[in-house]
Amino acid sequence: MRFAVLATLLASSGCLTAVDEQRDGGKDAGATPVPDSGADLDGGRARDGGRDQDGGTDGGVDALAALDAFCLNRMTSLCEHEARCGSFSSFAECMSIVTQAWLCPMYRPGVKDGRIAFDAAAAMEYERQLRTTCAVPNWDLFAGLVPLGGACFGTQECVSTARCDITLPTCPGLCVAKKQIGAVALSVDDCADGLAGFVTVLDGGNSLVCQPVATLGQRCTGPRTCARGLFCNAAGACAALLGPNQPCGASDGGQTDERWCRDYLECQAVDAGPLECLPPGGLGAPCGICQLGLRCVDGTSGRFCGPRGIDGQSCNASYECVEGLFCQPTSGIWGAGLCRMTAGVGDPCTSNYECGRGVCEWTPQGSRCVASDGGWHQGFTVCEDPTP
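Please read these numbers as outputs of a predicted model, since none were measured by experiment.

Participant: Would you mind showing me how to read the nonpolar core here?
Facilitator: In a soluble, globular protein the nonpolar side chains are often hidden away together inside. Ranked by internal contacts, the top residues of the largest apolar core, which has 26 residues, are F70, F118, L141 and F142. Of all the elements in the fold, those that place two or more residues in this core are α2 (60–84), α3 (91–97), α4 (104–112), β1 (116–118) and α5 (120–132).

Participant: Would you mind showing me how to read unusual backbone geometry here?
Facilitator: Comment: phi is negative for the bulk of residues other than glycine, and the bulk of peptide bonds are trans. Omega for the bond connecting C287 with G288 falls within 30 degrees of zero, at 5°, which places this linkage in the cis form. Among the structural elements, G288 can be located in the loop between β12 (276–278) and β13 (294–299). Positive phi, normally seen in glycine, also occurs at N245, with a value near 70°. You can see N245 is positioned in the loop between β10 (238–240) and β11 (266–268). With relative accessibility at 49%, the residue N245 sits in the partly exposed group. If you check the backbone angles, Y264 has positive phi at about 70° while not being a glycine. On the secondary structure map, Y264 appears in the loop between β10 and β11. By relative accessible area, which is 11% here, Y264 ends up buried.

Participant: Mind showing me how you'd approach the environment of C287 here?
Facilitator: Mapped onto the elements, C287 comes out in the loop between β12 and β13. Sequence separation between C287 and V270 is 17 residues, and the spatial gap between their C-alpha atoms is 5.2 Å.

Participant: Would you mind showing me how to read α4 here?
Facilitator: For an α-helix, 3.6 residues make a turn, and residues three or four places apart therefore share a direction. Those residues of α4 that fall on the buried side of the exposure criterion are C104, M106, Y107, P109, G110 and V111. Directly beyond the C-terminal end of α4, a positive phi value near 80° is found at G114.

Participant: Can you walk me through the pairing of β13 in this structure?
Facilitator: It is a general feature of regular strands that their side chains alternate between the two faces of the sheet. In this structure, β13 lies alongside strand β14 (residues 302–307), joined through six bridges in antiparallel fashion. Residue R295 lies in a different strand from β14, and its bridge partner there is G306. As consecutive antiparallel partners, β13 and β14 are separated by two residues.

Participant: Which parts of the structure should I look at to understand the sheet that holds strand β5 (residues 173–177)?
Facilitator: Strands pair in a sheet through their backbones, by hydrogen bonds, and they do so in one of two ways: parallel or antiparallel. Judged by pairing direction, the sheet is antiparallel, and its three strands sit side by side in the order β3-β5-β4 without closing on themselves. Either end of the sheet is taken by a strand with one partner, and the two such strands are β3 (151–152) and β4 (162–165). Two elements, β3 and β5, share two bridges in a ladder whose sense is antiparallel. Bridging across to β5, A151 finds its partner in L174.

Reading guide: rules and limits
Note that residues are indexed from 1 along each chain, following the sequence as it is written. Under the rules for a predicted model, residues below a pLDDT of 70 receive no local features and side-chain atom pairs below 80 are neither given nor counted, while totals for whole chains, interfaces and linings still include all residues. The side-chain values count all of the structure's non-hydrogen atoms but skip hydrogen atoms and water molecules. Nonpolar cores are built from buried Ala, Val, Leu, Ile, Met, Phe, Trp, Tyr and Cys residues. Side-chain atoms within 4.5 Å join them into one set. Burial classes: relative accessible area under 20% of the type maximum marks a residue as buried, over 50% as exposed, and values in between as partly exposed (1.4 Å probe, protein chains only). The helix count covers DSSP runs of H or I at least four residues long, the strand count covers runs of E at least two residues long, and both are numbered beginning at the N terminus. Strands are labelled as partners when DSSP assigns at least two bridges between them.

Shown next, in the form of structure tokens:
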């Protein structure tokens, strides 16, 4: 799976970045779309409800100092890992594409105010795994401390049995109970830990119903209804993720938008060959799918992995453009387009991608780009913790 560590962090934090804008390696245009579903089992928040683990810290000055030290080194360790394991074309490209603004600032106010516990010992083990392996480290570094009914700026602040309801017309939101087995889920965060939203026909239409996450060979209904290390195949059963050179995608019949391949492999067809699980291509390699920091471009003898695009060059996602540019679709809001300059703070916008590291927020003067410190966003409304 592309950018395996990054995908894990993004899923567990509820945030997206430019690198999550388009997963072009797992699309099956012929498959029937199904609602997104399920709780993420890739290593979300710590599940202990705020207890210290192995010498961890749970709030106050010590926890904040430990978190700041972790965040200071995290991006370097992460990008060294991603470049060494083949997700990014280079350490420098990773550092220019990925920013800690989507993670550390989101947790810091809650740790400072005592709404989130930070496990410093688990963070040290996370760093060790980044430096020494190509496995996806466990991201159980934080535990929400806010009880049911308490005010929250994100689900990361709520105890493990709750989520932050951000649909209310107030800021902050409220921690509300997650749905139990048999309950209808309205979003991917609704189901309790260990449950996933299975597509179920109710009253003549498809709904997501919370059921236990499926294990090997058990019934599944699409993305994220299977346990970690599995995917939902054409027969609607959970199967082991596929290894190098194994057929995948349409040839395997897997569900749409599903990850068929093991970490750091992509379901791709190189030089018009069959869809197989292969590493992303490096600079000059035929494509297929390229390492992050590269893009697939036309050459005299076919398509190959080349440098990121400059202003006016073709792109399929914003991470295919150099720093300071975003991919503006030729039509609609997704898909192929051209690299264009991002807007500055205060400039008009129509989507978050136009704002670079910021977000597009509705104001009385229309939608404008504003700076973001990691708060949650609903439409063009931004609710952010005022704690620095």
